[in-house]
Amino acid sequence: MAALLYIHGFLSSPFSFKARQTGEWLITTYPGIDFYCPQLPPYPAQTQAILESLVERLLPQPVYLMGSSLGGFWATWLAEKYNLRAVLINPAVSPQNFMPGYLEVDLKSYHTDDSYRLSAGHIDEIIAVDVPPTRTANYWLLVQTGDETLDYRLAVQKYAGCKQTVEEGGDHAFQGFERYLPSCIDFFQRTDC
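Residues numbered from 1 in each chain as written. Predicted model: local features only at pLDDT ≥ 70, side-chain atom pairs only at ≥ 80, totals over all residues. Heavy atoms only, no water.

(A) Broad picture of the overall build of the protein. Scanning the protein from N- to C-terminus turns up 6 helices and 8 strands. Helices and strands in the protein line up, N terminus first, as β-α-β-α-β-α-β-β-β-α-β-α-β-α. In terms of C-alpha radius of gyration, the protein reaches 16 Å, essentially the compact-globule figure of 16 Å for 193 residues. Reported as C-alpha extents along the three principal axes, the dimensions of the protein are approximately 45 × 35 × 30 Å. Contacts in the protein between residues far apart in sequence, at least 24 positions, make up 68% of those at least 6 positions apart. Averaged over its 13 positive side-chain charges, the protein has a centre that lies 4 Å from the centre of its 21 negative ones. (Helix = DSSP H or I, 4+ residues; strand = E, 2+ residues; numbered from the N terminus. Rg over C-alpha atoms; globule rule 2.2 N^0.38 Å. Contact = heavy atoms within 4.5 Å. Lys, Arg positive; Asp, Glu negative; His and termini not counted. Charge placed at Lys NZ, Arg CZ, Asp CG, Glu CD.)

Spelled out as structure tokens, the structure:
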């Protein structure tokens, strides 16, 4: 058995379109791969604890990481800590740089009734887990240049030396992501590196 851990983005949830799409596709195409997509709060230390606990429970079976937006940031941290493969979809780079705009304001989840409030201490928590991708063979970066939320060039720069797919156009949701699902599983399962 193996497990695929899908890590959703900031204020998103397991109800996000790509998360549901991935989980449903796995059930019908790769029933031997268990799908996990935990609900994660925007609080970095809490998210860190949830993800660590889940990965450590799933190991030593193969664990594949897939992260979208801020989930890509968390997938990078897990990939480095546990030497895991990760597919990053329009990932956030240095999220501490845009966090000040979200401090001390009411934040609401996109898919649930949950609400949150970030404080300055949360920036220190995210900085503490901002790691460079040193295990370059473990990453596949998927970005679209039309991402209206994040500058795709920052991801291309951060993940230089990693497998990269840069598509013209698209948006932050990464249009047509489902096209890559079979190749993602091939990437996770390859043994040539």
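(B) Region of the structure containing the nonpolar core. Judged by nonpolar contacts, the single largest core of 41 residues is most densely connected at Leu5, Ile7, Leu65, Trp74 and Leu78. Elements with a minimum of two residues in this core: strand S1 (2–7), helix H2 (44–58), strand S3 (63–68), helix H3 (70–82), strand S4 (86–89), helix H4 (120–127) and strand S7 (139–144). If you tally residues by element for this core, the top one is H3, at 8 residues. Those residues in contact with Trp74 that lie beyond four places of it in its chain are Ile7, Pro44, Thr47, Gln48, Leu51, Ile126 and Val129. Met66, Phe177, Cys184 and Phe187 belong to the second largest nonpolar core, which has 22 residues in total. (Core = buried A, V, L, I, M, F, W, Y, C linked by side-chain atoms within 4.5 Å. Buried < 20%, exposed > 50% of the residue type's maximum accessible area, 1.4 Å probe, protein only.)

(C) Structural detail: the sheet that holds S7. Strand order in the open sheet made by the 6 strands is S2-S1-S3-S4-S7-S8, with parallel pairing throughout. The open sheet is flanked by strand S2 (33–36) and strand S8 (163–167), the only strands paired with a single partner. Taking each pair of neighbouring strands and ignoring which way they run, the sheet shows an average axis angle of 15°. Of the strand pairs in this sheet, S1 and S3 are connected by 5 bridges, and their pairing is parallel. Looking across to S3, one finds that Tyr6 is bridged to Met66. Across the face of the sheet, H3 comes into contact with S1, S3, S4 and S7 while running at roughly 150° to S3. (Pairing = 2+ DSSP bridges. Axes fitted to C-alpha atoms, helices over the stretch in contact; angles between N-to-C directions.)

(D) Highlighting the packing of helix H1 (residues 17–29) against helix H6 (residues 181–189). In the contact formed by H1 and H6, the axes pass within 11 Å of each other and the chain directions differ by 70°. Comparing the axis directions of H1 and H6 gives the class roughly perpendicular. Contacts from Thr22, Trp25 and Leu26 of H1 reach H6 at Leu181, Pro182 and Ile185. When its residues are assigned to classes, the contact of H1 with H6 shows 5 nonpolar, 1 polar and no charged. (Parallel < 35°, antiparallel > 145°, perpendicular 65-115°, else oblique. Nonpolar A, V, L, I, M, F, W, Y, C, P; charged D, E, K, R; others polar.)

(E) View of the pattern of salt bridges. The full count for this structure, using the stated rule, is 7 salt bridges. As a salt-bridge pair, Glu167 and Arg179 come within 3.0 Å of each other at their nearest N and O atoms. Of the two residues, Glu167 sits in strand S8 while Arg179 sits in the loop between S8 and H6, which places them 12 residues apart along the sequence. Residue class for Arg179 comes out partly exposed when judged on its relative accessible area of 47%. A single network of salt bridges, built from pairs that share partners, joins Glu104, Asp106 and Arg117. (Salt bridge = Lys/Arg side-chain N within 4 Å of Asp/Glu carboxyl O.)

(F) Molecular detail of the pairing of S8. Where S7 lies against S8, 5 bridges are found, and the strand directions are parallel. Bridge assignment links Leu142 to a residue of S8, and that residue is Thr165. The handedness of the S7 to S8 crossover, carried by helix H5 (residues 152–158), is right-handed. (Right-handed = clockwise from strand over helix to strand, strands pointing away.)

(G) Main features of the packing of aromatic side chains. The final tally for this structure, using the stated rule, is 12 aromatic pairs. Where Phe187 meets Phe188, the ring centres are 6.0 Å apart and the plane angle is 55°; that geometry is what we call tilted. A relative accessible area of 4% places Phe187 in the buried class. Cation over ring: Arg85 sits above Phe187, and NZ or CZ is 6.0 Å from the ring centre. In this structure, Lys163 is placed above the aromatic ring of Trp140, and the distance from its NZ or CZ to the ring centre is 4.5 Å. (Phe/Tyr/Trp six-rings, centres within 6.5 Å; stacked < 30°, edge-to-face > 60°. Lys NZ or Arg CZ within 6 Å of the ring centre and 35° of its normal.)

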